[in-house]
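# Results of the structural survey
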Amino acid sequence: MTDYNKQNPNQQSKAETLFSLLSAKFEWLAKIPTMQLPAKHAAILVGIIVVLLVWKTIAVSKVESDMAKKLENERVLITQQAREYADQQYVKEEERFGQVLSWAVRGELIRNNVDQIDQYLSEIVKMKDTERVVLIGDDGQLLVSTDKRLEETKGVEIYPKEILNLQKITLRSDVEGKKILVVPVMGLNKKIATVVVSYKQPKF
């Protein structure tokens, strides 16, 4: 250190000059080199420093925790909004599909062309996650079913009247643990049949 001071007399001189100027302006600063703190005061000073450090750590931790909670809440909210939007879009697509299916079935049903309807429904049941499709007359009789085991069953035994009496295209996810699309087939003046598309529930 001494060698350094010898090699850098200008630096040492500048530091001494700066300290002299500050000491002249602040009297208490000049006393620092000669001041000796009692042990009690030193302990209090250390205690204050420790308290400040602990307080700073707690404050920083709280800010970080609050930010993490805020980010998590925003993530949950964005995820929920995205899911709701996706659900809404899915329902709209199902309603459009149901409307087209209703028109197709009505045209064939008016012409009493049940075989053609059977072909339509057989194609629909091949779609992903589709379990079965049935056509039930307004009198509750089963007209067409892609599940041949139900051919001797009455429509009212497959689905309750609450479902078969629906007057508009409806997507339900709570019917005997299944998700179903109910498509009323309307004639000129009244409903003449109902198509019910049953879907497999996704496994989690």
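Our subject is the structure that appears above.
What counts and how
Counting of residues starts from 1 at the beginning of each chain's written sequence and follows it residue by residue. Only residues with pLDDT of at least 70 get local features here, since the model is predicted, and only at 80 or more are side-chain atom pairs given and counted; chain-wide, interface and lining totals rely on the full set of residues. As a rule here, side-chain values come from all non-hydrogen atoms in the structure, and water together with hydrogens is ignored. Per the convention used, a helix needs a DSSP run of H or I reaching at least four residues, while a strand needs a run of E reaching at least two, with both numbered from the N terminus. Each residue gets one of three labels from its accessible area relative to the maximum for its type: buried under 20%, exposed over 50%, partly exposed in between, using a 1.4 Å probe on protein chains only. The contact criterion used throughout is that any non-hydrogen atoms of two residues lie within 4.5 Å. Here the Shrake-Rupley method, with its probe set to 1.4 Å, supplies the accessible areas, and only the displayed protein chains count as covering residues. Here, strands pair whenever DSSP counts at least two bridges between them. Nine residue types can take part in a nonpolar core, namely buried Ala, Val, Leu, Ile, Met, Phe, Trp, Tyr and Cys, and a core is a set of them joined through side-chain atoms within 4.5 Å. The rule is short: rings of Phe, Tyr and Trp, with Trp giving its six-membered ring, pair when the centres are within 6.5 Å, and they are stacked under 30 degrees, edge-to-face over 60, tilted in between. By the criterion adopted, a ring carries a charge over it if an Arg CZ or a Lys NZ lies within 6 Å of its centre and within 35 degrees of its normal. Simply put, an axis is a line fit to the C-alpha atoms, just over the touching stretch for a helix, and the angle between two N-to-C directions goes from 0 to 180 degrees.

### Here we look at the overall build of the chain
The helix and strand tally for the chain stands at seven helices and five strands. Going residue by residue from the N terminus, the α and β elements of the chain occur as α-α-α-α-α-β-β-α-α-β-β-β. Counting across all 204 residues of the chain, residues that qualify as buried make up 25%. Taking all contacts inside the chain whose residues are at least 6 apart in sequence as the whole, residues at least 24 apart take part in 42%. Entry remark: accessible area of the chain is about 15,300 Å², with carbon and sulfur atoms responsible for 58%.

### Thoughts on the pairing of strand S4 (residues 178-186)
Put simply, side chains in a regular strand alternate between the two faces of the sheet. Of all nine residues that make up S4, seven are buried, and the element is covered over most of its length. Pairing of strand S3 (residues 170-175) with S4 involves four bridges; the strand directions are antiparallel. Across the sheet, the residue bridging to Thr 170 is Val 182, located in S4. Between S3 and the antiparallel strand that follows it, S4, lie two residues; Glu 176 among them carries a positive phi value of about 55 degrees. Bridging between S4 and strand S5 (residues 191-199) involves eight bridges; their strand directions are antiparallel. From the neighbouring strand, Lys 179 faces S5, where its bridge partner is Tyr 199. What sits between the antiparallel neighbours S4 and S5 is a turn of four residues.

### Topic: the nonpolar core
Core analysis: the biggest nonpolar cluster contains 17 residues, and Leu 101, Val 105, Ile 117, Leu 121, Leu 135, Val 195 and Val 197 have the highest contact counts within it. Going through the elements one at a time, helix H4 (39-110), helix H5 (114-124), strand S1 (130-137), S4 and S5 are the ones with two or more residues in this core. Examining the composition of this core, we find that four residues originate from one element, S5, more than from any other. Each residue touching Leu 101, except ones within four places of it in the same chain, is listed here: Leu 121, Ile 124, Val 195 and Val 197.

### What to know about the packing of aromatic side chains
Evaluated as defined, the whole model comprises zero aromatic pairs. Cation over ring: Lys 179 sits above Tyr 199, and NZ or CZ is 5.6 Å from the ring centre.

### Here we look at the sheet that holds strand S2 (residues 142-145)
Read from one edge to the other, the open sheet built from five strands follows the order S2-S1-S5-S4-S3, with strand pairing classed as antiparallel. Two strands bound the open sheet, and with one partner strand each, they are S2 and S3. The mean inter-strand angle of the sheet, taken between neighbouring strand axes irrespective of direction, is 25 degrees. Note that S1 and S2 share three bridges and pair antiparallel. The residue bridging Leu 135 from the neighbouring strand is Val 144, located in S2. This element, H5, spans S1, S2 and S5 of the sheet and lies at about 155 degrees to S1.

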